[in-house]
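# Descriptive analysis of the structure
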Amino acid sequence: MNRLMTIAALFASTLAMAQTDNPIKPLEGRFDLDAPLPTLPALKLETGYNAIGVAQQTAKSKGVQARILWVDATANLDRVNSVAKIQSLVRTVKSAGFNSIVFDVKPIVGYTLYPSKLTDKLTKWKGQTLPMDFDPLKAMVAACKAEAIPLYASMNTFSEGHRSVVLDPNGRDLFGLPGPGFERPEDQTVLYEPEPVLSLVWGGPEYPVLAEPNKLDPSGQKLAVFTRVSAPRTAPAGAYGVIVDGDGIVLMAVTGENWSFPGIPEGGSLILGQGAAADYLRANLGGGARVRFKSIPKFVKISERLDQQTPLMLNPHKQSVRERVWSFAEEIAENYDVAGVVFDDRLRYGNLNADFSPEARAGFEAFVGQQINWPNDVFELSFNLDLTKGMRAGRFFDAWWAWRAQQMTDWVAEAKRRVAKARPGTQLGVYAGSWYGEYWRYGNNYASRQFQAGFTFLNDQYRKTGFAQDIDFLMTGCYYPTATVYDALSRNLPAGRTVEAAGQLSNRAVRDETWVYAGIELMKFKGRPNALMDALQAACGATQGVMVFDLSHDIEQFWPIFKRAFAQPKVAPHSVAGLLDEVRHRRASIDATRVRDYPVVIREGAAGTGM
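Figured I'd write up the structure that's included with this text. (Residues numbered from 1 in each chain as written. Predicted model: local features only at pLDDT ≥ 70, side-chain atom pairs only at ≥ 80, totals over all residues. Heavy atoms only, no water.)

### Remarks on the packing of helix α3 (residues 54–62) against helix α17 (residues 579–592)
Helix packing for two helices is described by the angle between their axes and how far apart those axes are. Rule in force here: Angles run from 0 to 180 degrees between N-to-C directions of axes, and those axes are lines fitted to C-alpha atoms, restricted for helices to the stretch in contact. Runs of E in the DSSP output that reach at least two residues are strands. Runs of H or I that reach at least four are helices, and both are numbered from the N terminus. Our angle categories are set so that under 35 degrees counts as roughly parallel, over 145 as roughly antiparallel, 65 to 115 as roughly perpendicular, and the remainder as oblique. The sense of a crossing depends on the near helix, which, turned anticlockwise from the far helix by less than a right angle, makes the crossing left-handed and, turned clockwise, makes it right-handed. Only heavy atoms matter for contacts: two residues are in contact if any of them lie within 4.5 Å across the pair. Under the convention adopted here, Pro, Cys and the residues Ala, Val, Leu, Ile, Met, Phe, Trp and Tyr are nonpolar, Asp, Glu, Lys and Arg are charged, and Gly plus all remaining residues are polar.
Running from amino to carboxyl end, α3 crosses α17 at an angle of 135°, the nearest separation of the two axes being 9 Å. Between α3 and α17, the angle is such that the two are oblique. Between α3 and α17 lies a crossing of right-handed hand. Facing Val54, Ala55, Gln57, Thr58 and Lys62 of α3, the residues of α17 in contact are Leu579, Glu582, Val583, Arg586, Arg587 and Ile590. The residue makeup of the contact of α3 with α17, split by class, is five nonpolar, two polar and four charged.

Now the structure itself:
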């Protein structure tokens, strides 16, 4: 046996034998010098973990590797507003060694760069302009054909509006219209938001509370809650308050006469009222009283909460919305000879508290076969005494996450069917965040239906909602500034927050059902050329290639690095006809032997990375 009995060797050995109880010889080490891009300096990678899977082994043995450049729509408008600029750009991209381009043609705002029958055309963004009579997608198709580089048209799936246009004082001058979703409030996603109400544990009248902490209600009709770090130094005029601990026990009253107080306990708060609210506190919250905050469900359109996220998300449960987004994909496939269509990160719900529309309720009640206490039978958003939010799971808690993920998966399957009908041979790609551990919140299960790992949400019902088998490749945003697990360990950083670990998890999640490419974000490496080289190595080591986001991120400084990294030309795995079918067939043959997968290593990722 060689010095290092790698995990890859263990995986390969299972192809010829059934599961046994024989002990496995311990590994001597898991880090080796490796150079998936041999023209760059080698670095220490987890070579065993990186080699797990038929897709990884096949890509390496066939010498294929994806090198994808992403071209964002709004950020690059001035780079794609003429034929000459597009031709020059594509030549530069090809000469740098990239073998695929993803071109965003339906950005977050919901307008398109190409002339669409479904929406208006985007003509300006932050001082950049696009001529109304110019079609950059048509020009990009021609330029990519001339340079023999596959082109994929990307669309932000369930987003049709941008908050900056509304919130910026010069929004319309800078950006144009805010998005078609604002014109159709009936199509917007519905958010479940609770309103807090002060309640006495042992009975008595209740009183409304301002949901935003550390702020007085200007009307004086609601109670205000101040946390330990933001308590006012002086008494507001006519104010009366009580200090409660984390269990809701009233410790003392606070008035203008005795405003100096020892502080607010951990988890507790100062509950403050003026006018009628102050009268309520005086009458009901004497010493020894115990209070809590009850949660009253409220449902609002996302346009009423633009401070929470940038995209204006639509309701994916509404059939007219689903049809509309399918139509965009069909329109692109029918009218443009692209290699494929890519669904961007907005292939999901707006957040954990979306979508709670009437359509969602009706669909879910049909699924469980009964009327439910809505939304508490799913979950109840709750308030602690310092107004931090919690969540109380209802009796259909797990069923809810599986059901909503299945709605998204069904949408992807139908999108695949329609795109293939519109232009046979057109591929389907998806971009998503790399930290799979938080994606249950967003209803996007890009994993294999056979994926087994120790995530609490990954029960048998949820597992069946995976859609990896319905797409031709997956790109995940492994947008971390640290490249490798080895480097993270040496710097006392979380090993899971590395390009390499994120790529490994993405690769294991899809379990050879599709190709996987680790995405890196260029802005993370500004002025750090060596770090970029390491990130490229890590991405190509942990997955079957790399996606670079984005052209707009001062890419000029990095062209020499890409030319060096990609000096040896490669074809992307998704460009080789029949190769993915071969991988899937081999995976099915292994599964038929009932050999168990090597355990999935779960490391902590960073919430929101790549989203």
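### Side note on the side chain of Asp104
What counts, and what does not: Definition of a polar contact: a pair of N or O atoms within 3.5 Å, with one able to donate and the other able to accept a hydrogen when the atoms are protein atoms, and with sequence-neighbouring residues admitted only if both atoms are side-chain atoms.
Note on placement: Asp104 falls in strand β4 (residues 100–106). Among the polar contacts made by the side chain of Asp104, one reaches the main-chain amide nitrogen of Ala73 at a distance of 3.2 Å. A polar atom in the side chain of Asp104 sits 3.5 Å from the backbone nitrogen of Lys106. In contact with Asp104, not counting residues within four places along its chain, are Trp70, Val71, Asp72, Ala73, Leu113, Ser154 and Asn156.

### Here's the deal with the pairing of strand β23 (residues 545–549)
For clarity, the cut-off: Using a 1.4 Å probe on the protein chains alone, a residue whose accessible area is under 20% of its type maximum counts as buried, one over 50% counts as exposed, and one in between counts as partly exposed. By this definition, two strands are paired if DSSP reports at least two bridges between them. When the strands point away from the viewer, a crossover counts as right-handed if the route from the first strand across the helix to the second turns clockwise.
Taking burial as the measure, the five residues of β23 include five buried ones, the bulk of the element. The alternating pattern of β23 places Gly545, Met547 and Phe549 and Val546 and Val548 on opposite faces, both of which are buried. Note that strand β3 (residues 66–71) and β23 share four bridges and pair parallel. Within β23, the residue paired with Arg67 across the bridge is Val546. The sheet contact formed by strand β22 (residues 515–521) and β23 spans four bridges and is parallel. Pairing of Glu521 across the sheet is with Phe549, part of β23. After leaving β22, the chain enters helix α15 (residues 529–542) and then returns to the sheet as β23, a path that is right-handed.

### Describing empty space enclosed by the protein
Note the following rule: For each structure, a 1 Å grid was placed over the protein atoms alone; sets of points admitting a 1.4 Å probe that cannot get out are labelled cavities, open sets with protein on both sides within 12 Å along at least five of seven lines are labelled pockets, and lining residues have an atom within 4 Å of a point. Grid points are joined across faces, edges and corners, and a volume is the space filled by probe spheres set on the points.
Going through the model one piece at a time under the given rule, you end up with two cavities of 30 Å³ or more. Taken as a whole, the largest cavity holds about 160 Å³ of empty space. Contributing to the lining of the largest cavity are 16 residues, with Ala501, Gln504, Leu505, Val601 and Arg603 lying nearest its centre. By residue number, the principal contributor to the lining of the largest cavity is helix α14 (residues 499–510), which donates five residues. For the lining of the largest cavity, a count of residues per class yields ten nonpolar, four polar and two charged.

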